[in-house]
Amino acid sequence: MSEISQLDPAERILMGPGPSNVPVRTLLALAAPTVGHLDPQYIQIMDETCALLRKVMRTENRLTFPISGTGMAGMETLAVNLLEPGDEAIVCINGVFGQRMQDVFQRCGATVHPVEAPWGETISAAAAARAVADHPHAKLLAIVHAETSTGAHQPLEEISSIVHQAGMLYLVDAVTSLGGQELQVDAWQIDAIYSGTQKCLSCPPGLAPVSFSERALAVMEARQSKVQSWYLDVSMLRNYYLSKTGGGGRAYHHTAPINMTYALREALRIVLEEGLEARVDRHRRMHQRLRAGLEELGLQYVPSSSLYGLNCVRVPKGVDEAAVRTQLLEQYGIEIGAGLGPFAGQAWRIGLMGHTCRQRNVDLVLTALRDTLV
Ligand SMILES: *Cc1c(COP(=O)(O)O)cnc(C)c1O
């Protein structure tokens, strides 16, 4: 094996749809000594991590913890625990991640009623209200807060009250919004939510924070059938992640990713040190600076791409979009994202997430694009 050299990846400026750059403090946390997953020290670290998550998600939900897996494992956790075969679900689809929710929910044996909007647009409250009226037996409505495939920023509050008036659960994908856009789980009455670590939290990929309201918990407890996924079954996971009432011990389920928990804990500490509002404000200001610079270069945003952390712009006619991305990577060490689905070959996705979201990176990507496009 001597021909395989020591690991030495080149540093990149990660301005794609995730992962984002990771602060050194968070990388150093990964290197702390691995301890046992039932070691009292570790249980305390996990409890602290869950407490930090509640603060960042703005929720009092007891059932708030990181799933071992990336954002998609969070999506799958909500689906397998809240849906049973034969259930009906309303899924809002205006990009890749809404499509994925439909696929995951159908794999749980649910009948999905889609509410669709064209790619790049958001779902209107009127369309959600119509779907809820048309499908009164649906158990839940699921929606993506920050559609990373298009840059669409979905307003959540009005649809929340529509969903609750109909007695349904409200599920939200917050993978790209948590830590970069305003998000209030309790005030907006979100019943179940999942996120990921590598977007605006600026932690390496590998954990999926989730949170469930008491209403969602009651739905899970009333299940007729067993959760079909053993690994993601919240009824077992909660006996490990949360102390039982009366302070009982923790039941082994799977070995938690110890060092990833260290990293998430540090990443959340960094978020709260900055302050949630200040952090969203930084994302807003950097987005505005990038938007002004891109428009000055003659680049146009796709309609309603208004997320701070993900900027989706059209590739100008006659430009080889892949060649531009390659040049940015090779000459400047900057990674930006390609378009997905109907936007493949038509758009770039420029991420400004978490630790990457700084003026020097905004100015550098603008300079690099200016040089590359002429
Ligand atoms: C990235 C992303 C996911 C999937 O997360 P992974 O960590 O890639 O599994 C889900 N939803 C949205 C909106 C995302 O941006």
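Residues numbered from 1 in each chain as written. Predicted model: local features only at pLDDT ≥ 70, side-chain atom pairs only at ≥ 80, totals over all residues. Heavy atoms only, no water.

For the rest of this paragraph, the subject is the site of the ligand. Looking at the ligand, the residues that line it are Thr-70, Gly-71, Met-72, Phe-97, Val-144, Ala-146, Thr-148, Asp-173, Val-175, Thr-176, Gln-198 and Lys-199. One of the side-chain nitrogen or oxygen atoms of Thr-176 is found 2.9 Å away from an oxygen atom of the ligand. (Near = heavy atom within 4 Å. Polar contact = N/O pair within 3.5 Å; in protein donor to acceptor, adjacent residues only side chain to side chain.)

Once that is clear, we can look at the domain arrangement of the chain. One can read the domain layout of the chain as domain 1 (13-18 + 276-373) and domain 2 (24-272). Put simply, the middle of domain 1 and the middle of domain 2, counted by C-alpha atoms, are 27 Å apart. Facing 26 residues of domain 1, the contacting portion of domain 2 comprises 28 residues. Note on domain 1 versus domain 2: buried area summed over both sides is about 2000 Å², and carbon and sulfur give 61% of it. Counting the surface domain 1 buries against domain 2, the share from its top three residues, Leu-276, Arg-279 and Leu-307, is 33%. Between domain 1 and domain 2 we count one salt bridge in total. The salt bridge involving Arg-58 is made with Glu-277; its shortest N-O contact spans 4.0 Å. The interface formed by domain 1 and domain 2 contains seven residue pairs in polar contact (both at pLDDT 80 or more). Looking at the side of domain 1 that touches domain 2, the elements with two or more residues in it are helix H10 (276-296) and strand S11 (310-314). Of all the elements, H10 adds the most residues to the side of domain 1 that touches domain 2, at five residues. (Domains from an automatic or database assignment. Contact = heavy atoms within 4.5 Å. Buried area = accessible area lost by both parts, 1.4 Å probe. Salt bridge = Lys/Arg side-chain N within 4 Å of Asp/Glu carboxyl O. Helix = DSSP H or I, 4+ residues; strand = E, 2+ residues; numbered from the N terminus.)

Our next topic: the environment of Ile-123. Checked against the element boundaries, Ile-123 lands in the loop between strand S4 (111-116) and helix H5 (125-134). With a relative accessible area of 4%, Ile-123 lands in the buried category. Not counting residues up to four positions away in its chain, the partners in contact with Ile-123 are Cys-92, Ile-93, Asn-94, Val-115, Glu-116, Ala-117, Ile-143, Gln-154 and Ile-159. (Buried < 20%, exposed > 50% of the residue type's maximum accessible area, 1.4 Å probe, protein only.)

So, on to the pairing of S4. Across six bridges, strand S3 (residues 88-93) lies against S4 in parallel orientation. Within S4, the position partnered with Cys-92 by the bridge is Val-115. In this region the chain leaves S3, passes through helix H4 (residues 96-107) and returns to the parallel neighbour S4; the handedness of that crossover is right-handed. (Pairing = 2+ DSSP bridges. Right-handed = clockwise from strand over helix to strand, strands pointing away.)

So, on to the side chain of Ser-211. As for its position among the elements, Ser-211 is in strand S10 (residues 207-212). Separated by 2.9 Å, the side chains of Ser-211 and Asn-61 make a polar contact. For Ser-211, the side chain forms a polar contact with the side chain of Thr-64, separated by 2.8 Å. Once you skip the residues sitting within four places of it in the chain, Ser-211 turns out to touch Met-57, Thr-59, Asn-61, Leu-63, Thr-64, Asp-191, Ala-192 and Ile-193.

Once that is clear, we can look at helix H6 (residues 157-165). Among all positions of H6, only Ile-159, Ser-160, Ile-162, Val-163 and His-164 are buried. Buried residues belonging to H6 abut H5, strand S5 (140-144), strand S8 (169-173) and helix H7 (214-221). Positive backbone phi, at 75°, marks Gly-167, one or two positions downstream of H6.

A few words now on the packing of helix H3 (residues 71-82) against H4. It is the contact of H3 with H4, at a shortest axis distance of 10 Å, that shows an interaxial angle of 45°. On the basis of their axis angle, the class for H3 and H4 is oblique. Classified by chirality, the crossing of H4 by H3 is right-handed. Only Phe-97, Arg-100, Met-101, Val-104 and Phe-105 of H4 make contact with H3, whose side of the interface consists of Met-72, Met-75, Glu-76 and Ala-79. Each residue belonging to the contact of H3 with H4 can be placed in one class, and the counts come to seven nonpolar, no polar and two charged. (Axes fitted to C-alpha atoms, helices over the stretch in contact; angles between N-to-C directions. Parallel < 35°, antiparallel > 145°, perpendicular 65-115°, else oblique. Left-handed = near helix turned anticlockwise from the far one by under 90°. Nonpolar A, V, L, I, M, F, W, Y, C, P; charged D, E, K, R; others polar.)

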